[in-house]
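This is what each chain is made of:
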Amino acid sequence: MDEHNAAPHARDTEDSRLNREHGHALHNIFSIIIANAEMIGEESRGMETLQRRLDRIIAASRRGEQLVDGIRSLSKARHAPRPEPTEQASLPTVADGRLGRVLIVDDEPDVVEILRRYLERAGLQVHGFIDSREALNGLRREPLAYDLVITDLDMPNLGGIELREQLRTIRPDLPVIVITGHEGQCSGGPFSLSGVTEWLSKPINRNHLLDTVGRLLPPA
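Keep in mind that what you see is a predicted model, and the values were worked out from it rather than measured. (Residues numbered from 1 in each chain as written. Predicted model: local features only at pLDDT ≥ 70, side-chain atom pairs only at ≥ 80, totals over all residues. Heavy atoms only, no water.)

Once that is clear, we can look at the overall build of the protein chain. Scanning the protein chain for helices and strands turns up six helices and five strands. Counting helices and strands in the order they occur from the N terminus, the protein chain gives α-α-β-α-β-α-β-α-β-β-α. In the protein chain, which comprises 220 residues, the share counted as buried stands at 42%. At a minimum sequence separation of 6, the contacts of the protein chain that also span at least 24 residues come to 72%. Taken as a whole, the protein chain presents about 12300 Å² of accessible surface, with 53% of it coming from carbon and sulfur. (Helix = DSSP H or I, 4+ residues; strand = E, 2+ residues; numbered from the N terminus. Buried < 20%, exposed > 50% of the residue type's maximum accessible area, 1.4 Å probe, protein only. Contact = heavy atoms within 4.5 Å. Areas by Shrake-Rupley, 256 points an atom, 1.4 Å probe, with all protein chains shown as cover.)

Next comes the structure, spelled out in structure tokens:
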């Protein structure tokens, strides 16, 4: 009888895990479509027919993002989730009155491009690396080149925690945001010892990203 009762619970847990993974993947797909469509639109100014089609793609993808976020929010409700900021029609500007040189490190080029786009449209200067070792070498050469680092947690060769540990020997005061697709990795453990300033879960919510960056950037 106990085994019979435990089985549905196990299936619910697995389904929840699969739903989170699917939501993460779908959100990234829509974000990549939006970012690329916006870039094509900016490069094709004056071609009205193409721009109209791109506007429809972007609008449909934004609806897809919102749908995925709504489904994920309902799935998380049973576990007392941290509320996520809602999407707004326009991007907030975080660069006013603050230094704004941001280094992004992620082994996925699409993630680097999406984050770069969000931050540059908010008025910040952004430099991206897909190789964490190259990013570290760049900071060794120019320790004062950046005001904030955003790094993925899971990367080949040098992960986000290891990167932060190396950065502490170069710039102990440099704020570091770590992004991860697994929220459970951010509870205690190495995070309590690594000097990570803040963490964000994937898929990245644009407004949450900009709010966090705005809080951590030093005054100009």
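It is worth spelling out the packing of helix α3 (residues 109-121) against helix α6 (residues 206-216) at this point. It is the contact of α3 with α6, at a shortest axis distance of 11 Å, that shows an interaxial angle of 60°. Relative to α6, the element α3 is oriented oblique. Considering how the two elements wind past one another, α3 and α6 form a crossing that is right-handed. In this structure, α3 uses Leu 115, Tyr 118 and Leu 119 to contact α6, whose residues at the interface are Arg 206, Leu 209, Leu 210 and Val 213. For the contact of α3 with α6, the residue count by class is six nonpolar, no polar and one charged. (Axes fitted to C-alpha atoms, helices over the stretch in contact; angles between N-to-C directions. Parallel < 35°, antiparallel > 145°, perpendicular 65-115°, else oblique. Left-handed = near helix turned anticlockwise from the far one by under 90°. Nonpolar A, V, L, I, M, F, W, Y, C, P; charged D, E, K, R; others polar.)

Attention shifts here to the UniProt feature "modified residue: 4-aspartylphosphate" (unreviewed entry) in the protein chain. Feature annotation in UniProt assigns "modified residue: 4-aspartylphosphate" (unreviewed entry) to the following positions: Asp 152. Inspection of the secondary structure assignment puts Asp 152 in strand β3 (residues 148-152). Residue Asp 152 is classed as buried on the basis of its relative accessible area, which comes to 5%. (UniProt positions renumbered as here; feature names shortened; annotations may be inferred.)

With four of its five residues buried, strand β1 (residues 101-105) lies for the most part within the structure. Two strands pair when backbone bridges link them, and β1 and strand β2 (residues 125-129) are joined in this way by five bridges, in the parallel orientation. By the bridge assignment, Val 102 is partnered in β2 with Val 126. Once the chain exits β1 it traverses α3 before rejoining the sheet at β2, and the crossover so formed is right-handed. Sheet analysis places β1 next to β3, joined by four bridges and oriented parallel. Within β3, the position partnered with Val 105 by the bridge is Thr 151. (Pairing = 2+ DSSP bridges. Right-handed = clockwise from strand over helix to strand, strands pointing away.)

All right, on to the environment of Ile 114 then. Looking at where Ile 114 falls in the secondary structure, it is placed in helix α3. Along the sequence, Ile 114 and Ser 31 sit 83 residues apart, while their C-alpha atoms lie 7.2 Å from each other. Once residues lying within four places of it in the same chain are set aside, the contact partners of Ile 114 are Ser 31, Ile 32 and Ala 35.

Let's shift gears to the environment of Met 155. Within the secondary structure, Met 155 is located in the loop between β3 and α5 (160-170). Here Met 155 falls in the buried class, since its relative accessible area comes to 10%. With 23 residues separating them in the primary sequence, Met 155 and Ser 132 have C-alpha atoms 7.6 Å apart. Not counting chain neighbours up to four residues away, the residues in contact with Met 155 comprise Val 105, Asp 106, Asp 107, Ser 132 and Gly 160.

Turning to empty space enclosed by the protein, a few remarks are in order. The final tally for this structure, using the stated rule, is two cavities of 30 Å³ or more. The volume enclosed by the largest cavity comes to roughly 50 Å³. Surrounding the largest cavity, Ser 31, Ile 34, Ala 35, Glu 38, Arg 62, Glu 65, Arg 117, Tyr 118 and Arg 206 form its lining. Looking at the lining of the largest cavity, the elements that each hand over two or more residues are α1 (2-43), α2 (48-76) and α3. (1 Å grid on protein atoms, 1.4 Å probe; cavity = no way out; pocket = protein on both sides within 12 Å on 5 of 7 lines; lining within 4 Å. Points joined across faces, edges and corners; volume = space filled by probe spheres on them.)

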